[in-house]
Amino acid sequence: MKTVVAAAIVRDQKLLLAQRSYPDDVAGLWELPGGKVEDGEAVSVALEREIAEELSVRIGIGRGVGEPVVLRDNLILVARHAWLVEGEPVAVEHSAVTWVSAGELGAMARAGELVPADAVWLDDLVALLGES
Ligand code: DCP
């Protein structure tokens, strides 16, 4: 079982979403950015690395958000609360990045615009935005 870790990057009560450019079945949908943890790599180190690669920013990392989600092909997806430490996000590997409020996130979920695994965390993400 491999782990995929994703960042719920929050600033000013908005959540950063990134639009997937591949594969075809999820291209155009929005996700929490992240990627696969390498063998022997700590989850938080993997998340810092993936976010630096994908968004060209440094982040701070906090607690887990929501329950782990089992993806197909032996992958388990986890999310962590995060915040920007250095830089402004740019879409290096994604089609676009955007900041959304809790209301906008809910509307996107209802419209089917989030990747399916991440949509499971809607209530957890809305709660996180309410706290921050
Ligand atoms: N995934 C997801 N939700 C996220 C992030 C990832 O459902 N917020 C899923 C999509 C993929 C798997 O996790 O099925 C791996 O994600 P990535 O393709 O983003 O990860 P990597 O870039 O590390 O993998 P690869 O290099 O294989 O593309």
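Below: a short report on this structure.

Here's the deal with the overall build of the protein chain
For step 1, the next point in the chain: Across its full length, the protein chain carries four helices and seven strands.
For step 2, the next point in the chain: When its helices and strands are written in sequence order, the protein chain yields β-β-β-β-α-β-β-β-α-α-α.
For step 3, the next point in the chain: The C-alpha radius of gyration of the protein chain comes to 13 Å, within 12% of the 14 Å expected for a compact globule of 132 residues.
For step 4, the next point in the chain: Based on the C-alpha atoms only, the size of the protein chain along its principal axes is roughly 40 × 30 × 25 Å.
For step 5, the next point in the chain: Sequence separation of 24 or more characterises 69% of the internal contacts of the protein chain that already satisfy a separation of 6 or more.
For step 6, the next point in the chain: Charged side chains of the protein chain number 11 positive and 22 negative; the gap between the two group centres comes to 2 Å.

Comments concerning helix α1 (residues 43-55)
For step 1, the next point in the chain: With 13 residues, α1 should reach 18 Å at 1.5 Å per residue; the first-to-last C-alpha distance of 18 Å fits that figure.
For step 2, the next point in the chain: When α1 is considered as a whole, its buried residues turn out to be Ala46, Leu47, Arg49, Glu50, Ile51, Glu54 and Leu55.
For step 3, the next point in the chain: The inward-facing, buried residues of α1 contact β1 (2-11), β2 (14-19), β4 (34-36), β5 (58-71), β6 (75-86) and β7 (96-100).
For step 4, the next point in the chain: Just downstream of α1 lies serine 56, where phi reads positive at about 60 degrees.

Rules used throughout
- Residues numbered from 1 in each chain as written.
- Predicted model: local features only at pLDDT ≥ 70, side-chain atom pairs only at ≥ 80, totals over all residues.
- Heavy atoms only, no water.
- Helix = DSSP H or I, 4+ residues; strand = E, 2+ residues; numbered from the N terminus.
- Rg over C-alpha atoms; globule rule 2.2 N^0.38 Å.
- Contact = heavy atoms within 4.5 Å.
- Lys, Arg positive; Asp, Glu negative; His and termini not counted.
- Charge placed at Lys NZ, Arg CZ, Asp CG, Glu CD.
- Expected span 1.5 Å × (residues − 1).
- Buried < 20%, exposed > 50% of the residue type's maximum accessible area, 1.4 Å probe, protein only.

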